[in-house]
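What follows is the residue order along each chain.
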2 protein chains.
Amino acid sequence: MVDIAAIRTIGLVGGGVIGAGWAARFALAGYDVRMFDPDPAIGRKVEAVLGNARRAQQRLLGALLPSEGTVTIASSLADAVATADFIQESLPEVETLKQRVLCEIEAAARPEVVIGSSTSGLLPTSLASVLTNPERFVVGHPFNPVYLLPLVEICGGTATTQATKDTATALYTACGMQPLQVRVEIDGFIADRLLEALWREALWLVNDGVATTSEIDDAIRYGAGLRWSFMGTFLTYRLAGGEAGMRHFLAQFGPALKLPWTKLVACELTDELTEAVAAQSDEQAAGIGLREYEQKRDDCLVDVMTALKANDFAAGATLKAHGDRLAARQPVLADDPLLMLATRVDAAWIDYNGHMTEWAYLKVFGDTTDVFLAKIGAGPDYVATGHSFYTVESHLRHVGQARLGEALRVTTQVLGCDTKRLHIAHSITGAAGKVIATAEHMLVHVDSSAERSAPMAPAVAKAVAVFMQAHANLPRPEFAGRSIGMPQS
Amino acid sequence: MVDIAAIRTIGLVGGGVIGAGWAARFALAGYDVRMFDPDPAIGRKVEAVLGNARRAQQRLLGALLPSEGTVTIASSLADAVATADFIQESLPEVETLKQRVLCEIEAAARPEVVIGSSTSGLLPTSLASVLTNPERFVVGHPFNPVYLLPLVEICGGTATTQATKDTATALYTACGMQPLQVRVEIDGFIADRLLEALWREALWLVNDGVATTSEIDDAIRYGAGLRWSFMGTFLTYRLAGGEAGMRHFLAQFGPALKLPWTKLVACELTDELTEAVAAQSDEQAAGIGLREYEQKRDDCLVDVMTALKANDFAAGATLKAHGDRLAARQPVLADDPLLMLATRVDAAWIDYNGHMTEWAYLKVFGDTTDVFLAKIGAGPDYVATGHSFYTVESHLRHVGQARLGEALRVTTQVLGCDTKRLHIAHSITGAAGKVIATAEHMLVHVDSSAERSAPMAPAVAKAVAVFMQAHANLPRPEFAGRSIGMPQS
């Protein structure tokens, strides 16, 4: 298996919806991307997807996001893949086209580099049959939008080595994805077989005039779709079986397998059906543009995944684990002994005055506190043991402004502590090097199950003492201990 | 159509997972329920479902929930339906059984009462063929858990009147559901045709040893299931088509309809397959019990729907509209002259401790300040004239905790002002009536283009003076003017 830590540059071939989504997924995970696509508009298209992705990932992970990698539009396929440490192909689903381009990729790539394919359902053994080194080829099938949906199906051909699969699995995981090993090589893998069955039935319903595209979408999103977002189909039906579980469900609904409840033959995609589906889809979209719908989709996905994160379940568990990994990897920023966090002003943080909004400052201060807590051994692992720090009081001062995209640096100074309390101060410095906001916080250490204050664990208290000692000779910030007031008017 | 406002009592026949779910849905919407089921354990089973439902609906709607109706276990079918204003049948999917019981229901019910059936896919014309008055029969097909999922398919037979469909639609809507009119009478209606196609393909994957129940669920819930929860299949694919939309998607993936991506013939449910599915499902459930999974499912559903509500989209739009209807029925909150804002804890505001996170409090306080500024004539229109208030200092105190979905009330008191400055205090009160956080803010009035402080416009200054005068005799909050500090350790 390739050492994941050595992977820096990703070569992408094909820049459609999936390829551009990969560019955003990799760049926002900190990898440099080199993309080739003969489309002259490729730069603009990738930039549009990257803009959506940046906005969504900022909302999802905030200050935990690593420094964004570069995205370079390469002048040729060889230029994209020659220096790449991992390659991902995302061409249309035409087997001969994919095979031809995979040969070109293989010729230009370094010999040990893994080549992934985004195919939705073509067989890896067949795709790799034209390669000299099929052992380094593997399917990594993602789902749109690639920069948000966690699922990626990993499927090797007969020649694919375990090391190749492990490399792809580790890299996708490092990007926040949820790899699913497809153990049996089969057309459509697992997910697209299920999607295709539902999709073909949906086309029949339109074809036969039973329901419109809008009615069919409603039949999904107000019902089973809500359950599918975190439980899938079998666990859902197990619960539908009531106290007797899956056996009871099968006994009760087994006979329905004999009922004429699906057409179960593929529908001919005639010109008439294409026109009907497209026209109904236009009507359903109600004149709302693609970008607007994409942002609505991304907002819903971010909020659904964030909601599931609160339950540490399904895609929310993936997100939580990814955030924990990123938090553990926050660089030790040694050029300033107090520096705790570096971030950038996100579009979602801008208010109607065009400035960074009030609550966003507290979000940055809160993220800074989280980084500090991780450094003293009181991060998520510690919280899982039933102890935590709660902020009981905060005093914020706004002495300057921050604008969209501005780089912010946050420093932290420990002002005081006892066995249960922690008194800290943060300062946010803007791009011009001036302090734009300060915060003073009092945190209390609690036993979460008892919901009352309790002494810190010895290791945490010791780590706090190290900070206290390091900060002991620093001047106390002039803003510490201040209160809010004004002369009587 | 029956006057919905006159409906008080719902007669339910059949108390399985679906019937008990209806009992909870109706009772929590304020209707009295009379349930008949010959199962001697029916009372205990309904009570268990009602317990889950109460917990989930509380989290979903909180203080907006109306007074719960009564649930009575009737001694006979006639006893359940004779006094009912609406009847819902939820028996197993056996046509002859349903027909026999529907005749008994018709004989005991008042003649004008609508009879709904929960059938998943049997045809209403056929079910009603045995009735004397088939015009009052209609299918209202819900989804498990009935007390949470909004979808209910409405399908009439050839004899069903529009008034019957309208009555069912209005009643289900009043319970917070999202009725979908099935215009063409077809086996499986719309939703179950789609679910059945996916389900049959899933059974093939288990049958052929391609994937386990757990892997299949993962293939859904980490990918397409997340999208299906708010967009369905056609709108999702429209976006996957990129800038060229649905026509491009059909051109690109139309050929895949010819690929062997589903089995598309019904799978024989052999004893071996039943055993394989049940055993894999047991392993997947990992010893976690039904009730625990039901609560996890309900928590996820509540949080996903709450997250979608923030986007006013799909099931979130249904929930928001239902909440707005319920709120319109609440008394005007005239009991507190300082009340500025009422809101609810959003899923995105929850931290890894499961509590409302720091920055979210400042968001609520900031929103409250915005409401106050709008009241004194300094809202967005005023900002557009080049003047604005900037918050220069904030002092927050956290004295309690808020949980997902909790109703919050925020009061505002003006503490002081001069020509350029405004000193205000906010308090957030949680569902239990206790203050959980306070804020003290100093705002400075600025000329935005000059970026310096400037006197307020006369109309704004006058509006502030009105608040000052109204609040002059109120006690000053004990938290005003405080500073943060601790005894030296």
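This one's a predicted model, so the numbers in the text were calculated from it and none came from an experiment. Here the residue numbers are simple positions, counted from 1 along each chain's written sequence. To label them, take the chains in the order written and letter them from A, then take the ligands in the order written and number them from 1. Reporting in this predicted model follows two pLDDT cut-offs: at least 70 for local features of residues, and 80 or more for side-chain atom pairs to be given and counted; totals over whole chains, interfaces and linings ignore these cut-offs and use all residues.

Quick look at the overall build of chain A
Phase 1: Runs of H or I in DSSP of at least four residues are treated as helices and runs of E of at least two as strands, each being numbered from the N terminus. Broken down by element type, chain A carries 16 helices and 14 strands.
Phase 2: Its C-alpha atoms put chain A at 80 × 55 × 50 Å along the principal axes.
Phase 3: In this scheme the burial state of a residue depends on its C-beta neighbours within 10 Å: 20 or more other such atoms mean buried, 12 or fewer mean exposed, and anything in between means partly exposed; the C-beta positions come from the backbone. Residue burial in chain A is summarised as follows: out of 489 residues, 53% are buried.
Phase 4: Placing a C-beta atom from the backbone of each residue, one calls two residues in contact when those atoms lie within 7 Å. Sequence-distant contacts, at least 24 apart, represent 70% of the contacts inside chain A between residues at least 6 apart.

What to know about the interface of chain A and chain B
Phase 1: Contacts between chain A and chain B engage 135 residues on the former and 140 residues on the latter.
Phase 2: No other element matches the 17 residues that helix H8 (residues 213-231) of chain A contributes to the side of chain A that touches chain B.
Phase 3: Here, any two strands with at least 2 DSSP bridges between them count as paired. Sheet topology places strand S10 (residues 387-398) of chain A next to strand S10 (residues 387-398) of chain B; 5 bridges connect them, and they run antiparallel. Paired with His395 of chain A across the bridge in S10 of chain B is His395 of chain B.

With respect to the sheet that holds strand S3 (residues 71-73) of chain B
Phase 1: With mixed pairing, the 8 strands of this open sheet are ordered in space as S3-S2-S1-S4-S5-S6-S7-S8 (chain B). The open sheet terminates on both sides in strands that have one partner only, identified here as S3 and strand S8 (178-181) of chain B. Adjacent strand axes in the sheet meet at a mean angle of 25° when their direction is disregarded.
Phase 2: As defined by bridge partners, strand S1 (residues 9-13) of chain B adjoins strand S4 (residues 86-89) of chain B across 4 bridges and the pair is classed as parallel. Residue pairing for S4 of chain B: Leu12 of chain B is matched across the bridge by Gln88 of chain B.
Phase 3: Set on the sheet, H8 of chain A makes contact with strand S7 (151-156) and S8 of chain B; between it and S8 of chain B the angle comes to about 150°. Angles here are taken between N-to-C directions and fall from 0 to 180 degrees, while the axes themselves are lines fitted to C-alpha atoms, restricted in helices to the stretch in contact.

Looking at the packing of H8 of chain A against helix H7 (residues 191-207) of chain B
Phase 1: Viewed as axis vectors pointing N to C, H8 of chain A and H7 of chain B meet at an angle of 65°, and their least axial separation amounts to 9 Å. Between H8 of chain A and H7 of chain B, the angle falls in the class roughly perpendicular. Regarding H8 of chain A and H7 of chain B, the two cross each other, and that crossing is right-handed. Seen from H8 of chain A, the contacting residues are Ala219, Ile220, Gly223 and Ala224 of chain A; seen from H7 of chain B, they are Ala191, Leu194 and Leu195 of chain B. Roughly parallel means an angle under 35 degrees; roughly antiparallel, over 145; roughly perpendicular, 65 to 115; everything else is oblique. For any helix crossing, the convention is left-handed if the near helix is rotated counterclockwise from the far helix by under a right angle, and right-handed if that rotation is clockwise.

Considerations on the nonpolar core
Phase 1: As used here, a nonpolar core is made of buried Ala, Val, Leu, Ile, Met, Phe, Trp, Tyr and Cys residues. They are joined through C-beta atoms within 7 Å. In terms of nonpolar packing, the biggest core is built from 283 residues, with Ala23 of chain A together with Ala23 of chain B touching the most fellow members.
Phase 2: At 11 residues, H7 of chain B tops the list of elements feeding residues into this core.
Phase 3: If near-sequence neighbours (up to four positions away) are discounted, Ala23 of chain B is found in contact with Leu12, Val33, Met35, Val46, Leu50 and Val71 of chain B.

A look at the sheet that holds strand S8 (residues 178-181) of chain A
Residues and elements named next belong to chain A.
Phase 1: Read from one edge to the other, the open sheet built from 8 strands follows the order S3-S2-S1-S4-S5-S6-S7-S8, with strand pairing classed as mixed. Every other strand in the sheet has two partners, leaving strand S3 (71-73) and S8 as the edge strands with one partner each. When the angles between neighbouring strand axes are averaged without regard to direction, this sheet yields 25°.

Focus: the environment of Pro111 of chain B
Residue and element names in this part refer to chain B.
Phase 1: Considering the arrangement of structural elements, one finds Pro111 in the loop between helix H4 (95-108) and strand S5 (114-117).
Phase 2: The exposed category is assigned to Pro111, around which 8 C-beta atoms lie within 10 Å.
Phase 3: C-alpha of Pro111 to C-alpha of Arg136: the two residues are 25 residues apart in sequence and 8.8 Å apart in space.

Concerning the domain arrangement of chain A
Phase 1: One can read the domain layout of chain A as domain 1 (4-189), domain 2 (192-287) and domain 3 (333-471).
Phase 2: Throughout the structure description, domain borders are defined by an automatic or database domain assignment. Put simply, the middle of domain 1 of chain A and the middle of domain 2 of chain A, counted by C-alpha atoms, are 30 Å apart.

Some points on the packing of helix H1 (residues 17-28) of chain A against helix H2 (residues 42-61) of chain A
All names here are of chain A.
Phase 1: The interhelical angle for the contact between H1 and H2, taken along N-to-C directions, is 45°, at an axis separation of 9 Å. Considering the angle they form, H1 stands oblique to H2. Classified by chirality, the crossing of H2 by H1 is right-handed. On H2, the residues touching Ala20, Gly21, Ala23, Ala24, Ala27 and Leu28 of H1 are Lys45, Val46, Val49, Leu50, Ala53, Arg54 and Gln57.
Phase 2: Note on residue classes: Ala, Val, Leu, Ile, Met, Phe, Trp, Tyr, Cys and Pro are nonpolar, Asp, Glu, Lys and Arg are charged, and everything else, Gly too, is polar. Split into classes, the residues belonging to the contact of H1 with H2 amount to 9 nonpolar, 2 polar and 2 charged.

Some details on unusual backbone geometry
Residues and elements named next belong to chain A.
Phase 1: Cis geometry marks the peptide bond from Asn144 to Pro145; its omega dihedral reads -5°.
Phase 2: With respect to the secondary-structure elements, Pro145 resides in the loop between strand S6 (137-142) and strand S7 (151-156).
Phase 3: The phi angle at Phe189 is positive, at roughly 50°, despite the residue not being glycine.
Phase 4: Examined against the element boundaries, Phe189 turns out to sit in the loop between S8 and helix H7 (191-207).
Phase 5: Judged by local crowding, Phe189 falls into the buried class, with 27 C-beta atoms found within 10 Å.

Some details on helix H14 (residues 358-375) of chain B
Residue and element names in this part refer to chain B.
Phase 1: Multiplying one less than the number of residues by 1.5 Å gives the expected span of a helix. Over its 18 residues, H14 extends 26 Å from the first C-alpha to the last, a length consistent with the 26 Å expected when each residue adds 1.5 Å.
Phase 2: For H14, the tally of buried residues reaches 13 of 18 residues, placing the bulk of the element in the interior.
Phase 3: Two residues or fewer after H14 comes Gly377, characterised by a positive phi angle close to 80°.

Here's the deal with the confidence of the model for chain A
Phase 1: Here pLDDT means the predictor's own confidence in every residue, given as a number from 0 to 100. The share of residues in chain A with pLDDT of 70 or more is 92%, and the mean pLDDT across the chain is 86.
Phase 2: Model confidence for the complex: the whole-complex pTM is 0.73, and ipTM, which rates the interface, is 0.74.

Some remarks on the pairing of strand S11 (residues 407-417) of chain B
Residues and elements named next belong to chain B.
Phase 1: Within S11, 8 of the 11 residues are buried, which leaves the element mostly enclosed by the surrounding structure.
Phase 2: Relative to S11, strand S9 (residues 339-344) runs antiparallel, the two sharing 5 bridges. In the sheet register, Arg344 faces S11, and the bridge partner there is Ala407.
Phase 3: The pairing of S11 with strand S12 (residues 421-429) spans 8 bridges and is antiparallel. Residue pairing across strands places Gln413 opposite Ala425, the latter belonging to S12.

What to know about the environment of Ala278 of chain A
Phase 1: Within the secondary structure layout, Ala278 of chain A lies in helix H11 (residues 271-285).
Phase 2: Since 19 C-beta atoms lie within 10 Å of it, Ala278 of chain A is described here as partly exposed.
Phase 3: Along the primary structure Ala278 of chain A and Thr213 of chain A are separated by 65 residues, whereas in three dimensions their C-alpha atoms are 9.1 Å apart.
Phase 4: If sequence neighbours within four positions are ignored, Ala278 of chain A has contacts with Met246, Arg247 and Leu250 of chain B.

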